[in-house]
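# Fold and geometry: a report
Listed below, chain by chain, are the residues.
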Amino acid sequence: MIRILVVDDDFRVGQIHSEYVHRVEGFEVVGEAATVAEALTAVRALHPDLILLDVFLPDGSGLDILRQLSQDQGDARPDALMVTADHDISSVRAAMKLGAIGYLVKPFGSADLAERLIAYRQLRDRVDALSRTSTADQADVDALFSAARPPAVPRVPAKGHSAPTLTAIHHALRNARTALSAAEAAEATGVSRATAQRYLSYLVKEGTVRLELRYGTNGRPEHRYRPIAR
């Protein structure tokens, strides 16, 4: 389980975010805090993996928490996903410089948070897998730098396309170490090859997936698909 600390000055909003987390498999909320002081104490006591971190707090800023934890714990500091109504570009830049893995502007729904949590879990899985090797190739590096971002799939799919299926196909491509064929995408998601092919063609048209041609000995190119890094 990935352990999460929710930090928000409004306890009702914090409870809502906690409920959102509980809906995502593999995550658990280990505590909530409403101030900078409470958050720092909770991090030291609970050792969360990830903090859902508000910027506006009554005794300071969520950015102050990141600065203090960086000084105290260095690379051992928990990761942080900013969840805040503060959309000032200076705060966004500061969060990036302080190592936040993402920035989610309130208000948002459970699906928005779930996308980012799933992307975070994929990032951790990739890091764990690569930690067993001594080097990473360019595809590995690109995957790590893009893994914490949610998949860039259309919010409202075209008629005849299901949003969950579209997301599943795109997740399968993101999780693969190489470009996938339609048959491989179908196997990874449990849909038919024809369905996978239809969704892959749609994602290519939308500009979120790249079609690659691989030529074999029979002269007919194999169509393979790779997500486009954003």
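Look up: the structure comes first, before these words.
Our subject in this report is the structure included herewith. Quick caveat: nothing in here was measured; it's all calculated off a predicted structure.

### Let's talk about helix H2 (residues 36-46)
Of all the residues in H2, the buried ones are Val36, Ala39, Leu40, Ala42 and Val43. End-on, the buried residues of H2 take up no more than an arc of 165°, which puts them together on one face. Pointing more than 90 degrees away from the buried face of H2 are the exposed residues Thr41 and Ala45. Phi turns positive, to about 50°, at His47, one or two residues after H2.

### Some words on the packing of H2 against helix H3 (residues 62-73)
Look at H2 against H3: their axes get within 10 Å of each other, and the N-to-C directions meet at 35°. Remark: the crossing between H2 and H3 carries right-handed chirality. Contacts from Val36, Ala39, Leu40, Val43 and Arg44 of H2 reach H3 at Ile65, Gln68, Leu69, Asp72 and Gln73. Split by residue class, the contact of H2 with H3 holds six nonpolar, two polar and two charged.

### Concerning the pairing of strand S7 (residues 102-105)
Bridge count between strand S6 (residues 79-84) and S7: four bridges; the pairing is parallel. From the neighbouring strand, Leu81 faces S7, where its bridge partner is Gly102. Regarding the hand of the β-α-β motif, the stretch spanning S6, helix H4 (residues 89-97) and S7 is right-handed.

### Some thoughts on the nonpolar core
Ranked by internal contacts, the top residues of the largest apolar core, which has 23 residues, are Val7, Ile51, Leu53, Leu63, Ile65, Leu66 and Met82. Looking at this core, the elements that each hand over two or more residues are strand S1 (2-7), H2, strand S3 (50-53), H3, S6 and H4. Residue contributions to this core peak at five residues, all from H2. Beyond its immediate stretch of four places on either side in the chain, Leu63 contacts Met82, Ser91, Ala94, Ala95 and Leu98. Among the nonpolar cores identified, the runner-up in size contains 18 residues, and Ile2, Phe27, Val29 and Tyr120 belong to it.

### So, the environment of Ala119
Mapped onto the fold, Ala119 is located in helix H5 (residues 110-130). Residue class for Ala119 comes out buried when judged on its relative accessible area of 1%. Between the alpha carbons of Ala119 and His171 there is a distance of 9.1 Å; along the sequence they are 52 residues apart.

The rules behind each value
Sequence order sets the numbering: in each chain, residues are counted from 1 along the sequence as written. Thresholds applied to this predicted model are a pLDDT of at least 70 for local features of residues and 80 or more for the giving and counting of side-chain atom pairs; totals over whole chains, interfaces and linings are not thresholded and use all residues. Note: side-chain values were computed over all heavy atoms of the structure, leaving out hydrogens and water. Whether a residue is buried, partly exposed or exposed follows from its accessible area with a 1.4 Å probe, protein chains only, as a fraction of its type maximum: under 20%, in between, or over 50%, in that order. Only DSSP runs of H or I covering at least 4 residues are called helices, and only runs of E covering at least 2 are called strands; the numbering of each starts at the N terminus. This arc is taken over the directions from the axis of the helix to the C-beta atoms. For helices, the axis comes from a line fit to the C-alpha atoms of the stretch in contact; other axes are also lines fit to C-alpha atoms, and the angle between any two N-to-C directions lies between 0 and 180 degrees. If you view the pair so one helix is near and one far, a crossing is left-handed when the near helix is turned anticlockwise from the far one by less than a right angle, and right-handed when it is turned clockwise. Contacts between residues were defined by any pair of non-hydrogen atoms, one from each residue, lying within 4.5 Å. Residue polarity follows a fixed list, in which Ala, Val, Leu, Ile, Met, Phe, Trp, Tyr, Cys and Pro are nonpolar, Asp, Glu, Lys and Arg are charged, and the others, Gly among them, are polar. Strands qualify as paired when DSSP identifies two bridges or more between them. The definition of a right-handed crossover adopted here requires that, viewed with the strands pointing away, the path from the first strand over the helix to the second runs clockwise. Remark: nonpolar core denotes a set of buried residues (Ala, Val, Leu, Ile, Met, Phe, Trp, Tyr, Cys) joined through side-chain atoms within 4.5 Å.

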